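Single-letter residue listing:
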Amino acid sequence: MTSKLCVVAAGGTGGHMFPAEALSRELAGRGWRIVLATDRRGEAYAQNFPAEERIALDAATGRGPIGMAKAGLAITRGVVQARSALKRLDAAVVVGFGGYPSAPALLAALSQGRPTLLHEQNAVLGRTNRWLSPYVGAVASSFPNLQKVPQGVGARVTLVGNPVRADIRALGERAFVAPTGDGPIHVLVTGGSQGSRILSDTVPQALAALPDTLRTRLRVQQQSRPETLEAARAVYAQAGITAEIAPFFSDMARRLSQAHLVIGRAGASTCSELAAAGLPSLLIPLKIAMDDHQRFNALSLVQAGGAEMVLEDEVTVDRLTASLDAMLSAPARLSAMSAGARSAALPDATSDLADMVEAVAI
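This write-up is about the structure you can find in this document. (Residues numbered from 1 in each chain as written. Predicted model: local features only at pLDDT ≥ 70, side-chain atom pairs only at ≥ 80, totals over all residues. Heavy atoms only, no water.)

**Here's the deal with the overall build of the protein**
Step number 1: Check the secondary structure of the protein and you find 15 helices and 13 strands.
Step number 2: Taking 21 Å as the expected radius of gyration for a compact globule of 362 residues, we find that the protein reaches 22 Å, a close match to that expectation.
Step number 3: Counting only C-alpha atoms and orienting by the principal axes, one finds that the protein spans roughly 65 × 45 × 40 Å.
Step number 4: Burial analysis of the protein (362 residues in total) assigns 52% to the buried set.
Step number 5: For the protein, contacts bridging at least 24 residues in sequence account for 67% of all contacts bridging at least 6.
Step number 6: Just so you have it, the protein exposes about 15,300 Å², and 53% of that area is on carbon and sulfur atoms.
Step number 7: Each charge sign in the protein was given a centre, from 35 positive and 31 negative side chains, and these centres are 5 Å apart. (Helix = DSSP H or I, 4+ residues; strand = E, 2+ residues; numbered from the N terminus. Rg over C-alpha atoms; globule rule 2.2 N^0.38 Å. Buried < 20%, exposed > 50% of the residue type's maximum accessible area, 1.4 Å probe, protein only. Contact = heavy atoms within 4.5 Å. Areas by Shrake-Rupley, 256 points an atom, 1.4 Å probe, with all protein chains shown as cover. Lys, Arg positive; Asp, Glu negative; His and termini not counted. Charge placed at Lys NZ, Arg CZ, Asp CG, Glu CD.)

**What to know about the sheet that holds strand β4 (residues 93–96)**
Step number 1: Taking strand neighbours across the sheet as the criterion, the seven strands line up as β3-β2-β1-β4-β5-β6-β7 in an open arrangement whose pairing is parallel. Each edge of the sheet is formed by a strand with only one pairing partner; in this case those strands are β3 (53–56) and β7 (157–159). Recorded for the sheet is a direction-independent mean angle of 25° between the axes of neighbouring strands.
Step number 2: As paired strands, strand β6 (residues 139–141) and β7 are joined by three bridges and run parallel to one another. From the neighbouring strand, alanine 140 faces β7, where its bridge partner is threonine 158.
Step number 3: Each of β4, β5 (116–120), β6 and β7 touches helix α15 (residues 349–361); the most contacted strand, β5, lies at about 160° to it. (Pairing = 2+ DSSP bridges. Axes fitted to C-alpha atoms, helices over the stretch in contact; angles between N-to-C directions.)

**Some points on the packing of aromatic side chains**
Step number 1: Throughout the structure, instances matching the rule amount to zero aromatic pairs.
Step number 2: The positively charged end of arginine 255 is found above the aromatic ring belonging to phenylalanine 249, 3.9 Å away from the centroid.
Step number 3: The ring of phenylalanine 296 has arginine 295 lying over it, and the distance from NZ or CZ to the ring centre is 4.6 Å. (Phe/Tyr/Trp six-rings, centres within 6.5 Å; stacked < 30°, edge-to-face > 60°. Lys NZ or Arg CZ within 6 Å of the ring centre and 35° of its normal.)

Following this line, the structure appears as structure tokens:
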């Protein structure tokens, strides 16, 4: 057991905060003390964060000369705040998870000669992580073939994976059972807490256009944008498809455990959870994602044989119907895709990342 203190620095989005929380719980279980450094947005994801203290650091991003100047001043103020906090806390290590609010804590740690480590959730180094990666002690990657790695940094990148919630990681222990005979086919459509517009509009029509032999067996659960709920329900009802549609599902592990196929975006957490659960998927990467990182996230599952990818510009009802028909009418293919997804899983990501932190902090 140790009484060392780790400062976890993360930007104010769920993509940054959730893996930061998973690492913090693992380290706390090993006897570490945890302090969280984030911004006001991050507080929304930190209600249950296992930190003895939270540091609110100034940080910003901006466009144009004036915006960049303001961002530089904000980060400078944040670094001054962080230097004082790290000295007071006697931090043994600072771990950054990306996002601009992670920059001041890491810069302060580097200026004081403290051990540092970065974790990148996506298959492309985010801009803050890309900027700081040449200077930190080590870089932990969630996906193989990490993109936009600065020259000379590659040798310090270690593949550990993306921490996945325990209830979803546990799904990997069950055997995937493909639909059989005339039995039901369970399709789960995700798209974030507010649903994705292109999925809300297109997927119901694509499923409704499937042959009768498949359509009558469908059991669909779909996250949909609030303004498209009724339209989606009408499409499914007219097609005779049993469907449950809601803006948000809180019991995602249970729904994943029933699914034969998942249709969704390709965020880092989504791809890591699909691999951990060993689930076949049809992925439509978000076109406007920074540096096209969702496409690279999806590629890891596609190359492992666990997913099919359709780029946003290629999405039509006919295109999706053709892909869905080919997958849902071939149980053996779904089973093979499940095995492919499972082969891409890194279920020990949280403990491996904690091991890295402890090694860097020595």
